[in-house]
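Residues per chain, in single letters:
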Amino acid sequence: MSAQTTTGPTTGPPVIVNYINNAPDIAVITCYFVVVLIIGIWAMYRSNRSTVGGFFLAGRSMSWWPIGASLFASNVGSDHFVGLAGTAAASGIAIGGFEWNALFIVVILGWVFVPVYITAGVVTMPEYLKKRFGGTRIRVYLSVLSLILYVLTKISADMFAGAIFIQQSMGLNLYVAVICLLIVTALYTVTGGLTAVIYTDTMQTIIMLFGSLILMGYAFFEVGGYEGLHDKYMLAIPNVSPNSSISKECYMPRNDSFHLLRDPITADLPWPGMVFGLTVISIWYWCTDQVIVQRCLAAKNMSHVKAGCILCGYLKLLPMFIMVMPGMVSRILYTDIVACVEPSKCIEYCGTPVGCSNIAYPTLVIKLLPNGLRGLMMAVMLASLMGALSAIFNSASTLFTMDIYARIRWKAKERELMIAGRVFILVLIGISIAWIPIIQGAQSGKLFDYIQSISSYLGPPISAVFFLAVFIKRINEQGAFWGLVLGLFVGLARLITEFAYGTGSCVEKTNCPTIICGVHYLYFAIILFIITCIITVVISLLTPPIDEKHLHRLCWTTRHSKEPRVDLDSMENKPHLENRNIVMNPSYVEHDEVIEEHPQKKESEVHTTEISNNEPQEAEENSCKRYLMQALMWFCGLGGSEGPEMSKDDLVMQEEAMTSIAEFPFWKAICDINVFILLSVAVFCWAYFA
């Protein structure tokens with residue numbers, strides 16, 4: 001097949017054809033779902049899911065390779081396949097810089113931030129700020145804001161991207177398909193906890209890489225390799241009506257399409273924003289976000305944390321070649337569809353007037369691949385969608401349970417916390433389904449730009465406060481809180497104004513005031529980060545500092561301190577969840593007070609008495625009900641046996657082990673050598689494509 005231009009229908013709405021209607025494709029997709037469920041059930045057997053530590057941190061037992069694979073799968077969702085490829089089809093390779101920036105930030109995550117989190121002995125990021133600054137308002141504020149960000153930038157984007165692919169390839173009703181995916185995703189997330197999520201992420205990473213590499217091979221073969229891509233992309237110009245008044249800059253390929261670093265003033269992605277603004281956003285996403293950090297906290301020790309980050313870094317080299325460049329190939333092969341610019345034609349091709357670049361990757365899959373391989377790529381998209389959603393659901397459940405529900409129900413027992421976390425996942429599913437029409441209406445252009453712009457408006461204050469909290473001991477609660485609040489107000493001002501006026505498109509410009517919307521969102525991220533830092537530092541200097549005794553092992557300079565730390569607000573009535581031994585120890589479970597109040601009559605004795613006093617038929621029915629209840633409780637991870645009570649000395653020793661960042665010199669050297677290689681490769685890639 002040679003490069004060609006494919007046109008769509010001339011009138012009416014876009015015609016959706018079911019391409020996944022043959023035996024090979026259906027068989028591949030079915031096998032995928034079977035394997036996912038088998039791995040999820042195996043993880044349920046393998047893990048202790050009846051405690052906070054077992055469900056949310058996988059018992060601190062994960063090795064480096066599933067950690068790295070899970071980091072990659074949690075980051076690369078269906079929004080990457082749709083968003084990266086779509087933006088690349090519209091404007092070239094610069095969008096790949098978002099992926100290569102992560103090569104540097106994952107190193108900062110593993111070598112700088114995670115050691116502080118581990119020595120602090122925390123499970124969630126709001127919990128770290130609680131220990132660092134004291135009080136509860138910062139912790140609750142960050143928990144609520146993080147959950148809002150999950151809906152705006154993660155769940156909504158993945159749902160939108162997944163919906164596009166499902167519509168284009170299967171012709172199914174949008175809501176039926178999405179609800180089925182959410183049910184399967186939630187099934188192994190709710191029942192299996194973080195262990196199931198990490199192991200299914202590992203399998204999904206393998207599927208994603210295998211399928212997308214095959215599609216990359218087909219795509220490059222069609223255009224004649226990278227040289228053919230370079231030459232033909234610049235000629236991929238859609239047909240425009242002769243009497244159209246649309247400017248050529250709206251549909252001609254950019255002159256800097258193959259430049260990673262672009263003009264600081266006129267470019268769509270200016271290089272200072274890519275270098276500095278993107279780093280601000282990346283620190284929020286990679287170093288302070290619960291979804292990412294939670295995977296690192298599940299590692300066996302620091303060497304496994306670092307090795308997992310390195311593996312993720314190597315994998316992040318690939319999206320440029322398996323997503324960005326295939327998106328550009330899609331524009332070459334299906335120019336009139338992917339690069340359409342006239343609103344009437346775009347509605348005909350993809351149902352939206354602002355452009356059809358978002359269907360670049362799905363179009364490439366359904367039109368280029370043969371039967372069987374098309375089903376494999378459908379499984380890839382399902383893997384990326386479900387992997388990202390499972391990560392979000394598990395981490396959002398952690399935030400809600402540990403930082404919000406436990407504040408309301410501070411006497412809640414272990415089982416109640418587990419139930420609350422699982423029920424909240426179901427609530428998120430409902431919110432996700434309800435958000436689908438909202439994100440469809442709000443999406444006015446490139447999906448990846450939508451994600452990054454929202455992150456630029458709300459993420460920098462969080463990056464600033466965490467950065468200052470880790471590196472500057474003088475920062476206190478008043479400075480951090482007002483830095484977060486005032487930074488949020490500035491970000492919301494830009495966000496609300498932009499949504500009110502609309503972002504517009506090349507054909508239809510927005511009326512948003514230039515002084516507000518004229519500042520590129522990456523530049524806005526830099527400005528907002530600086531504003532938050534100034535506010536936080538100034539207010540901290542004007543208010544009393546935090547005593548040194550409260551900061552041991554909570555900052556970078558005190559991470560190796562052996563001095564006993566006095567927790568801020570130590571006299572406050574805290575939830576029993578604040579006991580780090582319960583959180584970190586997957587085998588330690590607090591005894592049920594109700595049973596302890598009646599030691600003479602234990603639960604097993606109650607069952608025995610009831611059965612002995614009933615007729616044989618009733619006894620059999622009660623026995624069946626009891627077994628069914630026990631099976632249900634096991635399936636939901638709520639039927640774990642209570643662990644033995646541990647002495648105070650044992651608890652202290654275990655706490656020291658779980659918060660240790662010590663490493664074997666040999667493995668430490670191996671990690672340091674590999675990170676040097678990774679950073680060298682990153683610098684070379686940036687220099688080559690700059």
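All of these numbers come straight from a predicted model, not from anything done at the bench.

1. Quick notes on the state of the cysteines
Right, so step 1: Applying the stated criterion across every chain, the model contains one disulfide.
Right, so step 2: Note that Cys-340 is cross-linked by a disulfide to Cys-346, the S-S spacing being 2.2 Å. Taking the torsion about the S-S bond as the criterion, the Cys-340 to Cys-346 disulfide, at about 130°, is right-handed.
Right, so step 3: When its relative accessible area of 0% is taken as the criterion, Cys-346 is described as buried.

2. Considerations on helix H23 (residues 521–541)
Right, so step 1: In this model, H23 (21 residues) spans 30 Å end to end at C-alpha, consistent with the 30 Å of a helix rising 1.5 Å per residue.
Right, so step 2: Lining the buried residues of H23 we find helix H5 (97–120), helix H10 (271–287), helix H19 (447–458), helix H20 (460–471) and helix H21 (477–501).

3. Focus on the environment of Glu-249
Right, so step 1: Structurally, Glu-249 can be placed in the loop between helix H9 (225–233) and H10.
Right, so step 2: You can call Glu-249 exposed: its relative accessible area is 60%.
Right, so step 3: For the pair Glu-249 and Cys-506, spaced 257 residues apart in the sequence, the C-alpha separation amounts to 8.2 Å.
Right, so step 4: Each residue touching Glu-249, except ones within four places of it in the same chain, is listed here: Cys-506 and Lys-509.

4. Quick notes on the confidence of the model for the chain
Right, so step 1: Looking at the chain, pLDDT values average 78 and 74% of them are 70 or higher.
Right, so step 2: Contacts of residues 1–15 to residues separated by more than four positions or lying in other chains number 33 contacts, the stretch itself having pLDDT below 50.
Right, so step 3: Confidence drops under a pLDDT of 50 for residues 640–644, and excluding neighbours within four residues, the segment shows eight contacts in the predicted structure.

5. Some remarks on the nonpolar core
Right, so step 1: Core analysis: the biggest nonpolar cluster contains 162 residues, and Phe-98, Trp-100, Tyr-117, Tyr-128, Phe-133, Leu-229 and Trp-286 have the highest contact counts within it.
Right, so step 2: When near neighbours in sequence (up to four residues on either side) are disregarded, Tyr-117 contacts Val-122, Met-125, Tyr-128, Cys-287, Thr-288, Val-293, Leu-297 and Phe-466.
Right, so step 3: Listed in part, the 24 residues of the second largest apolar core include Val-291, Ala-406, Met-418 and Ile-429.

6. Brief notes about the packing of aromatic side chains
Right, so step 1: Inspection of every chain in the model, using the stated rule, returns 22 aromatic pairs.
Right, so step 2: Pairing Trp-284 with Tyr-285 gives two aromatic rings, centres 6.2 Å apart and planes at 70°, and the pair type is edge-to-face.
Right, so step 3: Judged by relative accessible area, which is 3%, Trp-284 ranks as buried.
Right, so step 4: Note on Tyr-457 and Phe-524: the rings are 5.5 Å apart at their centroids and 85° apart in plane angle, and the pair reads as edge-to-face. Residue Tyr-457 is located in helix H19, and its partner Phe-524 is located in helix H23; the two are separated by 67 residues in the primary sequence.
Right, so step 5: By relative accessible area, which is 1% here, Tyr-457 ends up buried.
Right, so step 6: Grouped by ring-pair contacts, the aromatic residues Trp-100, Tyr-226, Tyr-233, Phe-258, Phe-321, Phe-684, Tyr-688 and Phe-689 constitute a single cluster.
Right, so step 7: For Arg-137, the ring lying beneath its charged end belongs to Phe-481, and the centroid distance is 3.9 Å.
Right, so step 8: The cationic tip of Arg-559 hangs over the ring face of Trp-556; the distance from NZ or CZ to the ring centre is 3.5 Å.

7. Examining the packing of H19 against H21
Two packed helices can be described by the angle between their axes and the distance between those axes.
Right, so step 1: One way to put it is that H19 packs onto H21 with a least axis distance of 7 Å and a crossing angle of 145°. Touching Tyr-450, Ser-453, Ile-454, Tyr-457 and Leu-458 of H19 are Leu-488, Gly-491, Leu-492, Arg-494, Leu-495, Glu-498 and Phe-499, all from H21.
Right, so step 2: Partitioned by chemical class, the residues of the contact of H19 with H21 number eight nonpolar, two polar and two charged.

8. Quick look at the pattern of salt bridges
Any two side chains of opposite charge can pair if their charged atoms end up close together.
Right, so step 1: Scanning all chains against the criterion turns up 15 salt bridges.
Right, so step 2: Notably, a salt bridge pairs Lys-345 with Glu-342, separated by 3.4 Å at the nearest N-O pair.
Right, so step 3: On the accessibility criterion, Lys-345 (26% relative accessible area) is partly exposed.
Right, so step 4: One salt bridge connects Arg-494 with Glu-498, and the closest N-O pair in it is separated by 3.2 Å. Taken together, the residues Arg-494 and Glu-498, both in helix H21 and four residues apart, mark about one turn of the helix.

9. Re a nonpolar patch on the surface
Right, so step 1: A cluster of nonpolar side chains, Ile-419, Val-423, Val-427 and Ile-431, forms an exposed patch at the surface whose accessible area comes to about 290 Å².
Right, so step 2: Inspection of the secondary structure puts Ile-431 in helix H18 (residues 414–442).

10. Thoughts on the side chain of Lys-316
Right, so step 1: Of note, Lys-316 is situated in the loop between helix H12 (302–315) and helix H13 (319–333).
Right, so step 2: Apart from residues no more than four positions distant in its own chain, Lys-316 is found in contact with Phe-72, Asn-75, Val-76, His-80, Glu-99, Trp-100, Ala-102, Leu-103 and Trp-286.

About the cut-offs
- Residue positions are given per chain, counting from 1 as you read along its sequence in written order.
- Given that this is a predicted model, residues contribute local features only at a pLDDT of at least 70 and side-chain atom pairs are listed and counted only at 80 or more, while totals for whole chains, interfaces and linings are drawn from all residues.
- Processing note: side-chain calculations cover all non-hydrogen atoms of the structure and skip hydrogens and water entirely.
- Cysteine sulfur atoms are paired as a disulfide whenever they come within 2.5 Å of each other.
- A 1.4 Å probe rolled over the protein chains alone gives each residue an accessible area, and that area as a share of the maximum for its type sets the label: buried under 20%, exposed over 50%, partly exposed in between.
- Each helix is a run of DSSP H or I of at least 4 residues and each strand a run of E of at least 2, with the numbering of both proceeding from the N terminus.
- Take the residue count of a helix, subtract one, and multiply by 1.5 Å to get its expected span.
- Contacts are assigned to residue pairs that have any heavy atoms within 4.5 Å of one another.
- For every residue, the pLDDT score states the predictor's confidence, bounded by 0 at the bottom and 100 at the top.
- Among the buried residues, those of types Ala, Val, Leu, Ile, Met, Phe, Trp, Tyr and Cys that are joined through side-chain atoms within 4.5 Å form a nonpolar core.
- Working definition: rings of Phe, Tyr and Trp (its six-membered ring) pair if their centres are within 6.5 Å, and the pair is stacked with planes under 30 degrees apart, edge-to-face with planes over 60 apart, and tilted otherwise.
- Definition used: whenever NZ (Lys) or CZ (Arg) falls within 6 Å of the ring centre and also within 35 degrees of the ring normal, the charge is taken to sit over that ring.
- Axis definition: a line fitted to C-alpha atoms, limited for helices to the stretch in contact. Angles are taken between N-to-C directions and run from 0 to 180 degrees.
- Polarity classes work like this: nonpolar for Ala, Val, Leu, Ile, Met, Phe, Trp, Tyr, Cys and Pro, charged for Asp, Glu, Lys and Arg, and polar for all others, with Gly in that last group.
- Salt bridges are defined by distance alone: a side-chain nitrogen of Lys or Arg within 4 Å of a carboxyl oxygen of Asp or Glu.
- Only residues whose relative accessible area exceeds 30% and that form no salt bridge enter a patch; like-charged residues are grouped when within 9 Å of one another, and nonpolar side chains (Val, Leu, Ile, Met, Phe, Trp, Tyr) when within 5 Å.
- Calculation of accessible area relied on Shrake-Rupley with a 1.4 Å probe; when residues are assessed, cover is drawn exclusively from the protein chains displayed.

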